[in-house]
Structures are given as structure tokens and as C-alpha cells.
Amino acid sequence: MAEKTNASRILERLKIPFEIIEYAVDPHNLDAHHVAAALGQDIASVFKTLVLHGDKNGHFVCVIQGDKEVDLKKVAKISGNKKVAMIPMKELLPLTGYIRGGCTAIGMKKAFPVFLDEKALLQEKIHISAGKRGLQIKLSPQDYINATSATVADLISN
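Residues numbered from 1 in each chain as written. Predicted model: local features only at pLDDT ≥ 70, side-chain atom pairs only at ≥ 80, totals over all residues. Heavy atoms only, no water.

Caption draft 1: Structural detail: the environment of Leu14. By the secondary structure assignment, Leu14 is in the loop between helix 1 (6-13) and strand 1 (19-22). A residue is classified by how much of its surface remains accessible, and Leu14, at 45% relative accessible area, is partly exposed. Residues Leu14 and Leu139, 125 residues apart in the sequence, show an inter-C-alpha distance of 13 Å. (Helix = DSSP H or I, 4+ residues; strand = E, 2+ residues; numbered from the N terminus. Buried < 20%, exposed > 50% of the residue type's maximum accessible area, 1.4 Å probe, protein only.)

Caption draft 2: Here's a closer look at the pairing of strand 2 (residues 47-54). For strand 2, the buried fraction is high: 6 of the 8 residues fall into the buried class. Looking at chain direction, strand 2 and strand 3 (residues 58-65) are connected through 8 bridges and run antiparallel. Bridging from a neighbouring strand, Val51 pairs with Val61 of strand 3. Where strand 2 folds back on strand 3, the antiparallel hairpin that results is connected by 3 residues. Relative to strand 4 (residues 84-86), strand 2 is paired through 3 bridges, and the arrangement is antiparallel. Within strand 4, the residue paired with Gly54 across the bridge is Val84. (Pairing = 2+ DSSP bridges.)

Caption draft 3: Layout of the pattern of salt bridges. Per the stated rule, a full pass over the model turns up 2 salt bridges. Across the salt bridge formed by Lys4 and Glu12, the nearest N and O atoms sit 2.7 Å from each other. Lys4 sits in the partly exposed class, given a relative accessible area of 40%. (Salt bridge = Lys/Arg side-chain N within 4 Å of Asp/Glu carboxyl O.)

What follows is the structure, given as C-alpha cells:
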């Protein structure tokens, strides 16, 4: 049995079915392609969690396929901001309680608005960080939406 994380405890409390999958971490390669390969999964099912800051509405989270780039103009409009930017890496841990390569919207220090890319709905199951490097949570997109109150939208650059 893989170790429990804050995110997995929250999902258990919400009675949301999920699976924790362990994988070998390469601290020099934290990208989603490496995670997908380590999991033996298609990159389309592996989602990364990005934390951004808007000029009007503060911090929020975007969750997109690991091989895609977030479209800052689309995301600004969707989040009700004029301008948005990724937060500096040094702010990630103090703001969310998570480190790069182990960040998830489930169980952050503070609940931020979550936006999930619509491509997630094309997957039977998605893989997201369990809140620790080397652990991924596998669950249905709808269960992820239920757990995070995510808004589904088109978030990626074409």
C-alpha cells in the first residue's frame, strides 16, 4: 500500500474512489513526460497542476495535460482577470504547501479556484500529483471536479 498523503486523505473523507500509484522520481527530470513514462501511461492522461496569479482575483490553479502549455490570455478571461502569470517557483511551497513535482489542487494550504482543461473529460481516468513526488492519484475527471469544485474550460494554447 502506497503511503497516504493529505490529498488521499481528503479523497477518502469525500468517499471518492481513487488509486495511488508510485513511480521512480528523477529529481533532475520532473516533467510530465517522465512521469507518464514511469507510470506506463499515455501523456494525455497525465495532468500537471500550475499555480497562477491574476491582477484582479489573486491566485488560482490550472490543471492541464502534461505535454501542453497554458494559454495565459484564455486563462485571464476565464478567471476574470486582465493579466495573469505563473507564480515564481520560490512562492509555490509557502503558498500551497507543495513542492514542484508534487503539487496538487487537493489539500493546498488555502482553497484556490481550480480550472481543469476540458481535454480531461476525454479521458476515462486522469493522473494528478498525490501531493508528493513519486506518487500519482488516478481518478475519474468527474471525481476530480467534485473534489476540487473545478471549472472546466479550454485552457491550453492551440
